[in-house]
Amino acid sequence: MPSALSPSAWLRGSRRPSWLYDPKVLRTEVLGGLVVALALIPEAISFSVIAGVDPAVGLFASFTMAVTIALVGGRPAMISAATGAVALVIAPLNREHGFGYLVTAVILAGVFQIVLGALGVAKLMRFVPRSVMVGFVNSLAILIFMAQVPEMTDVPWPVYPLIAAGLAMMVFFPKLTTVVPAPLVSIVILTVITVAAGIAVPTVGDKGDLPSSLPVPGLPDVPFTLDTLTTVAPFAFAMALVGLMESLMTAKLVDDITDTRSSKTRESVGQGVANIVTGFFGGMGGCAMIGQTMINVRVSGARTRLSTFLAGAFLMVLCIVFGPVVSDIPMAALVAVMVMVSVATFDWHSIAPRTLRRMPLGETVVMLVTVVCVVATHNLAIGVVVGSIAAMVVFARRVAQLAEVTAVTDPDGAAVVYRVTGELFFASSNELVGQFSYGTDPDRVVIDLSAAHIWDASSVAALDAVETKYAQRGKTVEIVGLNEPSARMHKTLSGKLVGG
């Protein structure tokens, strides 16, 4: 992390933040942050309910997470705040041991994330295949939509035309101008209509009381003993893993949308720092939020750290200064915004009949497995892990079928040459032993591996088994054509894999 960066450069991630000299960029970042702040309020309150804490705890967490990650995170424009995944992990701890233990877990989770980031856990993201990424995006869109369903059931009938009007405004307003984000216009207009007409519909204020002052730092109210550590550590580690998984996947998605690269290691460490700060301020912790990030990046067009910073800052300003006004915002307006986000997030091309016909079946299965796991568990981390494992199985089966053995006998019948083509590893080498004619082959056998590569001990063991079977019949085997890595592995392991 560069040490000479100015505060303004921190907000951009470079030495010349574009919003300093481009009014258009500044307007986009400011308005994007405002829209995200409005959308964060009901979400943070809802996640507080899941975790079993006061609504102010979730709002404080969203404030400190967003502001801190804007300074220390690796992915500009990504929004981090209180999340449902983290709330689900720490809810049992709060329920069984109390709020002090929850805050302690948040701080310890931050420490774990810093350690994991320093150890290079972010590099594991390179092993997440595209089919899993598509499944992640699609399941995320489904979850975002499903989260809005409770706000559309058992509600007064005016909610439905308000949602429809909000969607219409977000579709057609950008055709007139993009100076002001359509979601912000929709929220303002629908709020004015419901207040002026006295329409009785659920509002943000119905979700819970907004805080009236800034959070104050302090130490968690727990005994600092080994028993406390052993109680908190499992929850903290689970929170660290879930938070990193969601954050790194979201960062990768934003990289693809913006055609830019970000430091995943810095993002991992930044998430840890943000959670530590959040814990000391009495927040419930969090990680990257895909829904709000999509509002910021895809809907509002924000690209810098300024929008992330302002999302947190505006959140507190809206709660403390404009609390009564914000409380009157109809939930229908925010539901419309999130429905639009879910539609924009879903990769519709991935399920188009034309795409499905061309896509290998294994890729489609992996994508569906990821979607089903995420939607069934409401846990993005579980879906990504299961999807990645499924992709590895599909890949192993595919590569295993590429290893072929062809035999050519000399005209005089004195020798036979077996040419092995493909990758030899545990999946493909298991079939290797059965592809030789031990009883009918001549006394000299040559195995040509110039078109193959040995990857593991299973392959060396398979070649040893072939040599043993020929030796039992008094025949000699010569292995030729090994490339340097394969020859080195074969020389090191051959004859040493079976105890005598």
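Everything here concerns the structure above.
Calculation rules
- Residues numbered from 1 in each chain as written.
- Predicted model: local features only at pLDDT ≥ 70, side-chain atom pairs only at ≥ 80, totals over all residues.
- Heavy atoms only, no water.
- Helix = DSSP H or I, 4+ residues; strand = E, 2+ residues; numbered from the N terminus.
- Buried < 20%, exposed > 50% of the residue type's maximum accessible area, 1.4 Å probe, protein only.
- Contact = heavy atoms within 4.5 Å.
- Areas by Shrake-Rupley, 256 points an atom, 1.4 Å probe, with all protein chains shown as cover.
- Expected span 1.5 Å × (residues − 1).
- Polar contact = N/O pair within 3.5 Å; in protein donor to acceptor, adjacent residues only side chain to side chain.
- Pairing = 2+ DSSP bridges.
- Axes fitted to C-alpha atoms, helices over the stretch in contact; angles between N-to-C directions.
- Disulfide = S-S within 2.5 Å.
- 1 Å grid on protein atoms, 1.4 Å probe; cavity = no way out; pocket = protein on both sides within 12 Å on 5 of 7 lines; lining within 4 Å.
- Points joined across faces, edges and corners; volume = space filled by probe spheres on them.
- Nonpolar A, V, L, I, M, F, W, Y, C, P; charged D, E, K, R; others polar.
- Salt bridge = Lys/Arg side-chain N within 4 Å of Asp/Glu carboxyl O.
- Patch = residues over 30% accessible without salt bridge, like charges linked within 9 Å, V, L, I, M, F, W, Y side chains within 5 Å.
- Right-handed = clockwise from strand over helix to strand, strands pointing away.

**Brief notes about the overall build of the protein**
Inference 1: Per the secondary structure count, the protein includes 20 helices and six strands.
Inference 2: Oriented by its inertia axes, the alpha-carbon framework of the protein measures out at about 100 × 60 × 50 Å.
Inference 3: Counting every position in the protein, which comprises 500 residues, the buried fraction comes to 53%.
Inference 4: Relative to all contacts within the protein whose residues are 6 or more apart in sequence, the contacts with residues 24 or more apart total 83%.
Inference 5: Accessible area for the protein stands at about 22,400 Å²; split by element, carbon and sulfur atoms hold 65% of it.

**Points about helix H3 (residues 55–72)**
Inference 1: Between its first and last C-alpha, H3 extends 26 Å over 18 residues, near the 26 Å set by a 1.5 Å rise per residue.
Inference 2: Of all 18 residues in H3, 17 are buried; the element is thus mostly enclosed.
Inference 3: Measuring from the side-chain oxygen of the N-cap residue of H3 to the backbone nitrogen of alanine 56 gives 3.0 Å; that N-cap residue is aspartate 54.

**Let's talk about the sheet that holds strand E3 (residues 404–409)**
Inference 1: Taken in spatial order, the four strands of this open sheet run E3-E4-E5-E6, and their pairing is mixed. Two strands lie at the open edges of the sheet, namely E3 and strand E6 (476–480), each paired on one side alone. The mean angle between the axes of side-by-side strands here comes to 20 degrees, regardless of whether they run parallel or antiparallel.
Inference 2: Bridging between E3 and strand E4 (residues 415–424) involves six bridges; their strand directions are antiparallel. From the neighbouring strand, alanine 407 faces E4, where its bridge partner is tyrosine 418.
Inference 3: In the packing of helix H19 (residues 457–471) onto the sheet, contacts are made with E4, strand E5 (444–454) and E6, and the angle to E5 comes to roughly 175 degrees.
Inference 4: The strands touched by helix H20 (residues 484–493) within the sheet are E5 and E6, with E5 carrying the most contacts at an inclination of about 120 degrees.

**Description of the side chain of serine 300**
Inference 1: With respect to the helices, strands and loops of the structure, serine 300 is situated in the loop between helix H11 (290–299) and helix H12 (305–320).
Inference 2: When its relative accessible area of 11% is taken as the criterion, serine 300 is described as buried.
Inference 3: Those residues in contact with serine 300 that sit more than four places away from it in its chain are Thr28, Gly32, Val35, Pro181 and Ile295.

**Considerations on the state of the cysteines**
Inference 1: For the structure on display, the rule yields zero disulfides.
Inference 2: With no disulfide of its own, cysteine 287 lies 19 Å from the sulfur of cysteine 373, the closest cysteine sulfur.

**Some points on the layout of surface pockets**
Inference 1: Here the largest pocket is characterised by a volume of approximately 790 Å³.
Inference 2: Surrounding the largest pocket, 31 residues form its lining, Glu43, Phe47, Gly84, Leu143 and Ala147 being those nearest its centre.
Inference 3: For the lining of the largest pocket, the secondary-structure elements that each account for two or more residues are helix H2 (23–51), helix H4 (84–97), helix H6 (130–148), H11 and helix H14 (331–345).
Inference 4: Per-class residue counts for the lining of the largest pocket are 20 nonpolar, seven polar and four charged.
Inference 5: Taken as a whole, the second largest pocket spans an internal volume of roughly 340 Å³.
Inference 6: Taken together, 15 residues make up the lining of the second largest pocket; nearest its centre are Leu124, Met125, Val128, Met245 and Val385.
Inference 7: Sorting the residues of the lining of the second largest pocket by element identifies helix H9 (226–258) and helix H17 (380–400) as the ones contributing at least two each.
Inference 8: Element by element, the count of residues in the lining of the second largest pocket is highest for H17, at five residues.
Inference 9: Taken together, the residues of the lining of the second largest pocket sort by class into 14 nonpolar, one polar and no charged.

**Regarding the pattern of salt bridges**
Inference 1: Enumeration according to the criterion identifies five salt bridges in this entry.
Inference 2: With its nearest N and O atoms 3.0 Å apart, the salt bridge here joins arginine 444 to glutamate 478. Residue arginine 444 is located in strand E5, and its partner glutamate 478 is located in strand E6; the two are separated by 34 residues in the primary sequence.
Inference 3: In this structure, a network of salt bridges that share partners links the residues Arg75, Asp255 and Lys264.

**Overview of empty space enclosed by the protein**
Inference 1: For the structure shown, the criterion picks out one cavity of 30 Å³ or more.
Inference 2: Within this model, the largest cavity holds a volume of roughly 40 Å³.
Inference 3: Around the largest cavity, the lining residues are Glu151, Val155, Val159, Pro202, Met331, Ala332 and Val335.
Inference 4: Counting residues per element, the lining of the largest cavity draws most heavily on H14, at three residues.
Inference 5: Looking at the lining of the largest cavity residue by residue, the class counts come to six nonpolar, no polar and one charged.

**Considerations on a nonpolar patch on the surface**
Inference 1: On the surface, Leu214, Val317, Ile320, Val321, Phe322 and Val325 cluster together to form a nonpolar patch covering roughly 520 Å² of accessible area.
Inference 2: Residue classification places valine 325 among the exposed residues on the basis of a relative accessible area of 53%.

**Re the pairing of E6**
Inference 1: Sheet topology places E5 next to E6; five bridges connect them, and they run parallel. Bridge pairing links isoleucine 447 to isoleucine 479 in E6.
Inference 2: With H19 bridging E5 and its parallel neighbour E6, the resulting β-α-β unit is right-handed.

From the geometry alone we can't say anything about function, so treat these as descriptive.
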